[in-house]
Amino acid sequence: MDTGGFIWTCLVLVVSVCAVSGASIGDVEVVNGIAAGSRVKLVPHIFPNHLQFLELSFTVGDTSATVRTKKPLDADVLADYNNTRTLKINDLNDNGPIFKQKVYNTNVSEMISVNSEVIQVTAEDGDSTPPNNRLTYSMAPASDDFIVTNTGALVLKRPLNYNLVQKYSFTVKAQDDGGLFDTADVHINVEDFDNLNPYFSHNLYQAFIPENQPEAIKAQDGDTGINAFLTYSINAVFPDKYQRNFNIDSSSGVLSVVTAVDREEMNSSMISVSIKAAQTNDTLKMADAVVSVTVEDVNDNVPEFDQSEYSVNLLENSPVDTVVFKAIVTDLDQGGFVGTLQILPESAPFSIDSDGTVRVKNTTDLDRETTESITFQIKARETNPPNTEVASRVSVTLLDENDNSPVFNSSTYEGKVFANQTVGMFLVQVKAEDPDDGVNGKIKYSINFGNNDGYFSIDENTGVISLEKTIPLVENGIQEFPLYITATDGGAVPRSSSTQVNIRAPGDSKPQFLQNVFHGTVAEEQDPEVTILRVDFFKIAADIPVNLRVVTEADKFAISQTGEFTTKLKLDYDDAPQNYSVEISISDGINSDTAVVEVQVTDVNDNSPVFAPGPITASVPEDADIGSNVTVVPATDKDSSFNKEIRYSLRGGEGKFSIDPVSGMVSVAGSLDRESTAEYNLKVVAEDQGRPARSSTANLLLQVSDINDNVPEFSEAEYEVEVLETESAGSSLLRLSAVDPDEDVNGRITYSIFQQSPSEDLPVFELDSSDGTLRLAQPLDYSEVKVYSLMVQASDGGTPPLVGNVSVVVKVKDVNNNPPEFSKESYDIAVSENLAGGSSILTLEITDRDEGGFSSGYFLFTSDTFDINKQGVVSLRKNATLDRETKDSYTLQVVAVDQVTDGLRATAQLNITVLDFNDNVPQFPDIPDPLHIPEGDYSEETPGEVFTIRPTDADLGPNGEVSLSLASHHPLFRFREDGTLLAVGALDRESRETYDLVIKASDKGSPQRENITVVRVNVTDINDNTPEFRSSSYDSSILLKDAEEGKLLLTLAATDRDAGNNALITYSFVAGSSPYLALNGETGAVTLTSDLADVIEDTTVVLTAMAKDHGRPPLNSTARVVVNLRIVNMAEGVAFQSPSYNFSLSENRPAGVEVGRVWASAGSILYNVTYTVKTHTDLFSINANGAILTKTEMDKEQQEWYFLDVEAVDTRIPPTSATAVVRVQVEDVNEAPQFTSEVYKASVFSIAPYKTPVIHVNASDPDAGEERQLVYSLSAASPYFDVEASSGLVFVVSVEGLEEETVGLEVKVTDPRGLDATAKVEVEVQGGASSSDVVVISINQPANVVEKKVPELEKSLGEVLGWTVTIIDVLSANGGATESRRLRGAVKTLVSFIAVDDGEAVSYEEVTEKLQSESAAVTAELNQVFGGGFHFDVQERPQSPDSNQAAVIALGVLLGLSIVGLTVTVTLIIRFRMKDADVSDKESFDVGRHDEDYT
């Protein structure tokens, strides 16, 4: 070998540089640049025998040499050789750089100086010359902290900071000048150095404590990697008086409150604490921070009322929402009082708003006479825990108003008059009580009616009734005198009530009780001598004493000689009988009588609920469902009714439990967790429903039993460990740890591996069941398994056990040397033909057992329709579309290459099937136009087939299945499933001949596709209509002198609604015959066949003509034909037997009665006569025989005479007629009177006094002249109402106590001849309006004028104000109560009225405000009523009870009774008063009456 030469190496490959043809001999290449004088020769290299093929052409001194072949090259011989030869030739760049390592790692301190070399990376290039092996280094991403030099050194460019960045990762690229390159990963880990002071995570901390809670404040070393131990201390506290309230743990930094802080004593709720943290190894390294401690409020102050006790006055009957007073609640805690206010007991008639305003809730309970004062509590309860409650006592004193009418102490009284009667003798004393106070309760008595003979008088102050004159007694009999006594109080608006006193004047009789059975009630536990009731009895002889005694139960009850029935001892409802039947007797020594007193003992709430003795303990599992029952805690109460009804409530339990208020069953109300709370101490409260309520409590201990409800939980969500495949069996790899908060065996954990992936015959790993240590059990082989996934479970000892799972990933490292593998050799894919361009259809699964897998691989794939990306996702090309109908499948080959250079390959086949998509619209076939179907009576049961349509669809399956339907429902047509159009309703060509149907063809795809077309169906005719003659009868007459052969007498005409031959008609005679007549079968013309020379007398020819169509089968109809053959022309006409007729008829006879009969003659038997009524056709008719009939009932009172025009017409041509007058008289029959309505409805207020008008019931008598003689009465006597006999005015007797009830009456009216009628009257008794709603205006008109115009005044005021106005009083301004019955003549009159809107009284304030705002309109309207110059003023309401006014006024109701010429004045008494606006007086006025009350 010549050492003075150069040696180059060139690889000779078939398809690269230096390639030569194997079949020729020639130059291989020329080597230039040989230095002059150099010697060059070919030498063997690796394969010595290769020199046999080459030779060198070179002359010493030349600067170039030529390599040429010596003989043809045989590629087959050289195929197994590398074809390498050593030449002194130029190098080619056929080698890329290669890093010595793919990954570089290094650790570097953050204190390393700038420009220091951190790490060196090295790559080598196999080319031999510098131009081809010169490398340039670069890195990505670009970094401000590091650069890479061309030598591969990474150099630091600026200081490192561990706290900012702990690790850098780069990809370094080595690239030669020819562009070939390689990459390597570089990881630089920055190590921390103790070079920073500690620091707090915040300069300012915000701590919020509930006055006494700790707050942890943490600092840390600025060197986060080292994080030296720190010592904490407090520098200062502001305000400094709280210095001793705080302490900081020197090691943990927990700042805590050591002395409680009371927020309410602080000027500010914020305290600033300055704290310091210093490193223990270097105290000069420190940090400061400020803790701003906000002392949050703790609900530690009890709410307070502004008064410990409230005392207020309130007018009784105050309306709902009247403000009583306002209670103010304060709380020193932050935000003041936040909670709820409650009235206790809830039955108190008051409510309270959230702002403390106490209002009236129930007006009914504000009755001073029942309770003069009401005491209750207001409870304030805080919303926030501990939900403190405080209460304040309230005492409300009720002030009196005149809201009570006098009440007699008996509903009836009885007095007796005996034979020794003397004028002035005492008979009986009535006694009424009025619980009102002062003058409101002062009573005067009067006899209202019943004293017709003047036998009695009454002391107005004492109520003593005396004998005014002697009563003639009836021997052996008792005369009774019912007196109606009125007691009237002295209120400003007086109230009154009535009672009945029965004065008995007996003859000889015996003592007896007035009732067989008396009823009374008494409350239990009352002291003896409680009066239960008074027994009513009478005796005749005053000088014979009577004895009253108790026959049974005498140890418990007694009766006085005056009838007072009382108790003799305390009665017990709970442990003794609750009802007693006591027999009593009365005797005068000779005669006696007995009665029974039924006594009912009523319960009082004198027993508290009682629980079973001893504590109550129950257990509940912690997994109990919400709503599940735990235990029942029953209590009993010996009382009855509401007093023994118990309601349960629960205290404590943190809302986890609830109790059924009725049954006492305790149930779970919230989720339980034994690990949080193991037991609950509750109090069960049982409270009865008595007033006042009584209650008791019981302690309930609920123990929560443990269940295995906590799954063992591993310390990590997933464990991961890397293991060298050379690791020996038995090595410890990892320790797993799990915890279970359950108790005992439920919390004892056992570890196990329950799944290994991939699985093997022998387990690769083993796990210590007690401590969780994972060990290697079998050797590892990376080429077999790279990663093991283990599923480890931690099982507790519960029954059943609970299991916590965790995954453990074990990674194995090895050398990468395996080819890629498809998951399948062949992939079968189905895609829809509507797949969008660019859509993915499959991801190929490629595995490569080499490290890194197939990450550097790529795919070879050829298709115009489909594409594949680097990730193996096969997709439809963006510009490609699929059409199953054109091509329904594809078969493709995919090659996977694991790397660019010398990559290993794998091949798979893709079989792609194109699925059908519903992309084709159904198509209709050719359909005849039109379709035909015969008319007929088709139905769903017997349909008619029109035509079968079979549409097509190019799609497959349901997409190609087509169904037909009509676009909208049609009552006559539908489609059958096979596409046959059916007629399912009656088709009548004569009604409609053509139908246009919209047909819809729908496939069953999704989305569904439809096509629509229109078909026409023509209904063809069938012979279903009979020919119809235009007339049922044809008449004609002819004189013999006018007769000639062929003369037309008449023409028959018939029509047929069918079509075609079915409508073609032929005429013929089918009954009767005549040699003189001929009928044209086509035209229907009837003609003479001769000149009638042989006819010698009048002749009538009667024939039956038939019209027949040409249908199959034919249909026909007939008509009557009459032809009169006359000898001579007679001039006579039709005439009535009489020009006028007189008939009579009793009224009220039913329709169809014959009134009379008329008769008219035509003058010839050839003609017929018909009759017609020309007038009153709605009432009368006439038949063919001339009989006049009624069409309805006749009423004499409506009309007595009827004049009818009756016309008679004959059948001549032309016809003649005559008219007669018929007079019909309707004769009277006594008829019952009739009310104008079957039911009358009215309303009246409960305080309406005796004789207050309610409503007029009006009846009329159909009989003439008797209407004024009607007499009204009640069918059954009523204690509440009566009716005036002459006028029908229903008035009040007494309606007190009937509030909100409806009273039914039956009023009867009778005529002079005894016939009667009845009507129902329904009277609603209302609670009414308050006197505070009464408005008074003064007008400058005389009182008598105003009284006459009350209806007009009400109407006019109502129209202006927009309400219903009812006038309740008209009073002269100069007259008092004693003057109210006289007609007024003064120029100033006071008018009191109430306005009502939707049934509710409008307040005084609202009415007066509207009167003033609408003053001009009121004046203008009332000028129309009273004339010009009208003026009015609104009167102010009196401000004190002393100014109350009372008036009794008379509104005259003048009834003219024409029969006797008597004028009767009916006086309407209306009482009213006016009081302060605050008074809610429930005395009512009859504001619901109608105008008919003024007549």
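Since the structure is predicted, the reported quantities are computational estimates derived from the model, not experimental observations. (Residues numbered from 1 in each chain as written. Predicted model: local features only at pLDDT ≥ 70, side-chain atom pairs only at ≥ 80, totals over all residues. Heavy atoms only, no water.)

Caption draft 1: Quick look at the packing of aromatic side chains. One pass over the full model with this rule turns up 35 aromatic pairs. On the basis of an interplanar angle of 55° and a centroid distance of 6.2 Å, the ring pair of F714 and Y751 is categorised as tilted. Of this pair, F714 sits in strand β60 (residues 713–714) while Y751 sits in strand β64 (residues 750–757); the two residues are 37 residues apart in sequence, bridging distant segments of the chain. Residue F714 shares its accessibility class with Y751, and that shared class is buried. (Phe/Tyr/Trp six-rings, centres within 6.5 Å; stacked < 30°, edge-to-face > 60°. Helix = DSSP H or I, 4+ residues; strand = E, 2+ residues; numbered from the N terminus. Buried < 20%, exposed > 50% of the residue type's maximum accessible area, 1.4 Å probe, protein only.)

Caption draft 2: Layout of the pairing of strand β77 (residues 905–915). Sheet topology places strand β70 (residues 826–832) next to β77; seven bridges connect them, and they run parallel. Along β77, the bridge assignment pairs V831 with V914. Pairing analysis gives nine bridges linking strand β76 (residues 889–897) to β77, with the strands arranged antiparallel. Across the sheet, the residue bridging to Y890 is I912, located in β77. (Pairing = 2+ DSSP bridges.)

Caption draft 3: Region of the structure containing the pattern of salt bridges. All chains considered together, the criterion is met by 38 salt bridges. Residue E990 is joined to R989 by a salt bridge in which the shortest nitrogen-to-oxygen separation is 3.0 Å. The buried category is assigned to R989, whose relative accessible area is 11%. Shared partners join several salt bridges into a network, and the residues in it are E414, K416, E480 and R504. (Salt bridge = Lys/Arg side-chain N within 4 Å of Asp/Glu carboxyl O.)

Caption draft 4: Representation of the nonpolar core in the model. F1136, V1158, Y1171, F1180, I1188, Y1202 and V1222 are the most contacted members of the largest nonpolar core, which totals 28 residues. For this core, the elements supplying multiple residues, two or more each, are β97 (1140–1146), β100 (1169–1173), β101 (1180–1182), β103 (1201–1210) and β104 (1217–1227). No other element matches the five residues that β104 contributes to this core. I1188 has contacts with F1143, V1153, E1154, V1155, G1156, V1158, F1180, S1181, I1182, L1204, V1206 and V1222, leaving out every residue within four places of it along the chain. If you look at the next biggest cluster of nonpolar residues, it comprises 27 residues, including A1343, L1357, F1393 and F1426. (Core = buried A, V, L, I, M, F, W, Y, C linked by side-chain atoms within 4.5 Å. Contact = heavy atoms within 4.5 Å.)

Caption draft 5: Examining a negative patch on the surface more closely. Negative charge collects at one region of the surface, where E1296, E1299, E1300, E1301 and E1324 lie side by side. By relative accessible area, E1300 is classed as exposed at 59%. (Patch = residues over 30% accessible without salt bridge, like charges linked within 9 Å, V, L, I, M, F, W, Y side chains within 5 Å. Areas by Shrake-Rupley, 256 points an atom, 1.4 Å probe, with all protein chains shown as cover. Lys, Arg positive; Asp, Glu negative; His and termini not counted. Charge placed at Lys NZ, Arg CZ, Asp CG, Glu CD.)

Caption draft 6: Spotlight on unusual backbone geometry. Put simply, P385 and P386 share a cis peptide bond, and its omega is 10°. In this fold, P386 is placed in the loop between β31 (373–382) and β32 (389–399). Of the consecutive residues R1112 and P1113, the connecting peptide bond is found in the cis state with omega at -5°. Within the secondary structure layout, P1113 lies in the loop between β94 (1099–1109) and β95 (1116–1126). For E529, which is not glycine, the phi torsion reads 70° and is therefore positive. Mapping E529 onto the fold places it in the loop between β43 (517–523) and β44 (531–534). With relative accessibility at 66%, the residue E529 sits in the exposed group.

Caption draft 7: Highlighting the side chain of N1062. Within the fold, N1062 resides in the loop between β90 (1054–1055) and β91 (1065–1071). Here D1021 takes part through its side chain, which lies 2.7 Å from a polar atom of the side chain of N1062. Leave out the neighbours within four places in its chain, and N1062 touches D1021, I1022, N1023, D1056, D1109, G1111 and R1112. (Polar contact = N/O pair within 3.5 Å; in protein donor to acceptor, adjacent residues only side chain to side chain.)

Caption draft 8: Structural context of the sheet that holds strand β50 (residues 592–602). Reading across from one edge, β43-β50-β49-β46 is the order of the four strands in this open sheet, with mixed pairing throughout. Each edge of the sheet is formed by a strand with only one pairing partner; in this case those strands are β43 and β46 (547–550). Put simply, the sheet's adjacent strands are angled 25° from each other on average, direction ignored. Where strand β49 (residues 579–587) lies against β50, nine bridges are found, and the strand directions are antiparallel. From the neighbouring strand, I586 faces β50, where its bridge partner is D593. (Axes fitted to C-alpha atoms, helices over the stretch in contact; angles between N-to-C directions.)

By themselves these figures say nothing about function.
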